[in-house]
Amino acid sequence: MGVASMLTLLLTHPVEFRTLLQYKLWHEPKRDITSPSEHATSGWDRPTMRRCWAFLDETSRSFSGVIKELEGDLARLICLFYLVLRGLDTIEDDMTLPDEKKQPLLRQFHRIALQPGWNFTESGPNEKDRQLLVEWPVVSEELNRLEPRYLDVIMDIADKMGNGMADFAHKAATTDERYVETIDEYNLYCHYVAGLVGEGLTRLWSASGKEAAWLGEQLELSNAMGIMLQKTNIIRDFREDADERRFFWPREIWGRPEYGKAAGGRPAFTEMPQMHEPGNEQQALWVQSGMIVDALGHACDSLDYLRLLTKQSVFCFCAIPQTMAMATLSLCFMNYQMFQRNIKIRKAEAASLVMRSTNPREVAYIFRDYARSIHARADPADPNFLKLSVACGKIEQWCERNYPSFVRLGAVSGAPQYDPSDARTKVVEAAQTRDRELAREKRMRELREKQPGALVQDRADAETSTGEVLFYVGTAFLIVLLVGMGATWLLLQWYGAA
């Protein structure tokens, strides 16, 4: 942002200005990949890898920052993984390529991407990432430098994703069906283009040794994490995709008759572009609500996945996009502007999420807060109202089960503190008191079994010490009483003589 933009923000949104200022002043990158000390893992000293980093900045501003902060060689590894997937996505999205050209490229990309000197120059002139494929030899050279344990994972994911993309592209090119029909088909598409990304990342975490080996087997959770991001993007990018004649929303959701009935007895939508036509605003918002309910169904699995991560840089890499996805879903909910233009969360909100998404507890509370925001704007007239309430309630329930809100961590010691105004605090305190009593009884029982004579002696000593204390207290009391009486007698004698 320029100086003029910052001044305007200061005058119009002072709180957001403060957040951005804090981010710029206090948020420091975890590492500098250009530093000579990082060259061994970042590869910045090689022109080919330096060009790959430049492509990462050009193709993904949102992911570039968090990728560069990954520790060790993970940053370089995930950079190359991302570029492979971006190359596949560029071919799939190119509507100027005929199906007979696109099919072999997608299905064989995991092989040809490793061939030295291979590139592709036939992408459409308006394809924003076409230059990546034109200069692909720099990527292939770096890919061939990777260890087999990493390269095998990347190419396996590219193989699965390329074939899945090819299946959907072939269906769109050879049939009259422009739309995804069912939710199952929608989920399958999201699995191919995003769920597999989550799988690949998880397997790379494990292969690198940065995370446990068994984490690579948590495919259901990693799939849910990727799918939630993809569904959020599909919801947000509705108008951009519709203008380019790309439709990913399933007819099973947007074609439901109940949305038309709830909007005043109107007929169900038969074409997706009808949603951004004047007069269809309310019905379109009911459809949007159904899409958001479907996306929220993956939130708890995403939170479960994040709890399994142990490395800070890996956690932040996965958590920041998830919290931004929740913020985006909240922004889109009941916001008809989404059907008119591409909308994004504000920079200050994004900066705040980056600074807050540092641990599972805080991320869970971010999810909960956005779920509450969504539910607060829900309309009982919405046919999805009950489903939406359940979806938001599940997020709330997950947070309370794993991170109860009445338990607070001390700012300095980190020790748990309990909210005295919450009734659950009394239950916890009673349980702790009972646990201490049980522990004391256990110690006494063990002492009886091991040294019964010592226990009797301890009791006798305790009784003796108690008697001595009473004797000394009584003697002291008597001395004080006698001194007081003597002083009183002397005073009376003195006043009488006077």
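Here the residue numbers are simple positions, counted from 1 along each chain's written sequence. Residue-level local features of this predicted model are given only where pLDDT is at least 70; pairs of side-chain atoms are given and counted only at 80 or more, and the full residue set underlies all totals for whole chains, interfaces and linings. Note: side-chain values were computed over all heavy atoms of the structure, leaving out hydrogens and water.

Caption draft 1: A look at the overall build of the chain. Counting its regular elements, the chain contains 24 helices and 2 strands. Note that the radius of gyration is over C-alpha atoms, with the globule rule given as 2.2 Å times the number of residues to the power 0.38. In terms of overall size, the chain is more extended than a compact globule, its C-alpha atoms giving a radius of gyration of 33 Å where 498 residues would be expected to give roughly 23 Å. Counting only C-alpha atoms, the chain reaches 125 × 65 × 60 Å along its principal axes. Three labels apply to residues, based on accessible area from a 1.4 Å probe with only protein chains included: buried if under 20% of the type maximum, exposed if over 50%, partly exposed otherwise in between. Per-residue burial over the chain gives 45% buried out of 498 residues. We call two residues contacting when some pair of their heavy atoms lies within 4.5 Å. For the chain, restricting intrachain contacts to residue pairs at least 6 apart in sequence, the fraction spanning at least 24 positions comes to 70%. Where the 59 positive side-chain charges of the chain centre and where its 68 negative ones centre are 3 Å apart. Counting from the N terminus, the helices are the DSSP runs of H or I reaching at least four residues and the strands are the DSSP runs of E reaching at least two. Counted as positive: Lys and Arg. Counted as negative: Asp and Glu. His and the chain ends are not counted at all. Every charge is mapped onto a representative atom, which is NZ of Lys, CZ of Arg, CG of Asp or CD of Glu.

Caption draft 2: Up close: the packing of helix α6 (residues 74-93) against helix α11 (residues 148-174). One can describe the packing of α6 onto α11 by two numbers: an axis separation of 11 Å at closest approach and a directional angle of 15 degrees. The pairing of α6 with α11 is recorded here as roughly parallel in orientation. Handedness of the crossing formed by α6 with α11: right-handed. Facing Leu77, Phe81, Val84, Leu85, Leu88, Asp89 and Glu92 of α6, the residues of α11 in contact are Tyr150, Ile154, Met155, Ile157, Ala158, Met161, Gly162 and Met165. The residue makeup of the contact of α6 with α11, split by class, is 12 nonpolar, 1 polar and 2 charged. Note on method: axes are straight lines fitted to C-alpha atoms, helices fitted across the in-contact stretch only, with angles between N-to-C directions ranging 0 to 180 degrees. Throughout this description, any angle smaller than 35 degrees is read as roughly parallel, any larger than 145 degrees as roughly antiparallel, any in the 65 to 115 degree range as roughly perpendicular, and the remainder as oblique. Crossings are classed by handedness, with left-handed meaning an anticlockwise turn of the near helix from the far one by less than a right angle and right-handed meaning a clockwise turn. Gly counts as polar in this scheme, as do all residues outside two lists: the nonpolar Ala, Val, Leu, Ile, Met, Phe, Trp, Tyr, Cys and Pro, and the charged Asp, Glu, Lys and Arg.

Caption draft 3: Up close: the nonpolar core. Residue types Ala, Val, Leu, Ile, Met, Phe, Trp, Tyr and Cys, when buried and joined through side-chain atoms within 4.5 Å, form a set referred to as a nonpolar core. Of all hydrophobic cores here, the largest spans 131 residues; its most connected members are Phe109, Trp136, Leu143, Trp205, Trp249, Met275 and Leu296. Per-element tally for this core: the top contributor is α6, with 13 residues.

Caption draft 4: Layout of the packing of aromatic side chains. Only Phe, Tyr and Trp rings are paired, with Trp represented by its six-membered ring, and only when their centres lie within 6.5 Å; those with planes under 30 degrees apart are stacked, over 60 edge-to-face, the remainder tilted. Here the structure, examined in full by the defined rule, presents 15 aromatic pairs. Residues Tyr189 and Phe248 carry aromatic rings whose centres are separated by 5.2 Å and whose planes lie at 20 degrees to one another, so their mutual orientation is stacked. Placement of Tyr189 in helix α12 (residues 183-208) and of Phe248 in the loop between α14 (238-243) and α15 (251-254) is noted, with a sequence separation of 59 residues between them. Aromatic side chains Phe238 and Trp249 sit 4.9 Å apart centroid to centroid with 55 degrees between the ring planes, which places their arrangement in the tilted category. A residue pair is termed long-range when its members are at least 10 positions apart, and Phe238 in helix α14 and Trp249 in the loop between α14 and α15 qualify at 11 residues. Note on Phe238: relative accessible area 3%, which makes it buried. Taken together, Phe168, Tyr189, Tyr192 and Phe248 form an aromatic cluster joined through their ring pairs. We count a charge as sitting over a ring when the NZ of a lysine or the CZ of an arginine lies within 6 Å of the ring centre and within 35 degrees of the ring normal. Across the ring face of Phe55, the terminal group of Arg51 is positioned such that the distance to the ring centre comes to 4.2 Å. The ring of Tyr365 has Arg368 lying over it, and the distance from NZ or CZ to the ring centre is 4.4 Å.

Caption draft 5: Up close: unusual backbone geometry. A positive phi angle is found at Arg245, which is not glycine, with a value near 60 degrees. Tracing the backbone shows Arg245 in the loop between α14 and α15. Assessed through its relative accessible area of 49%, Arg245 is described here as partly exposed.

Caption draft 6: Representation of the state of the cysteines in the model. Put simply, a disulfide is two cysteine sulfurs that come within 2.5 Å. For the structure on display, the rule yields 0 disulfides. Free cysteine: Cys52, not disulfide-bonded; nearest cysteine sulfur from Cys79 at 5.9 Å. Not part of a disulfide, Cys316 finds its nearest cysteine sulfur in Cys318, a span of 9.6 Å. Residue Cys316 is classed as buried on the basis of its relative accessible area, which comes to 16%.

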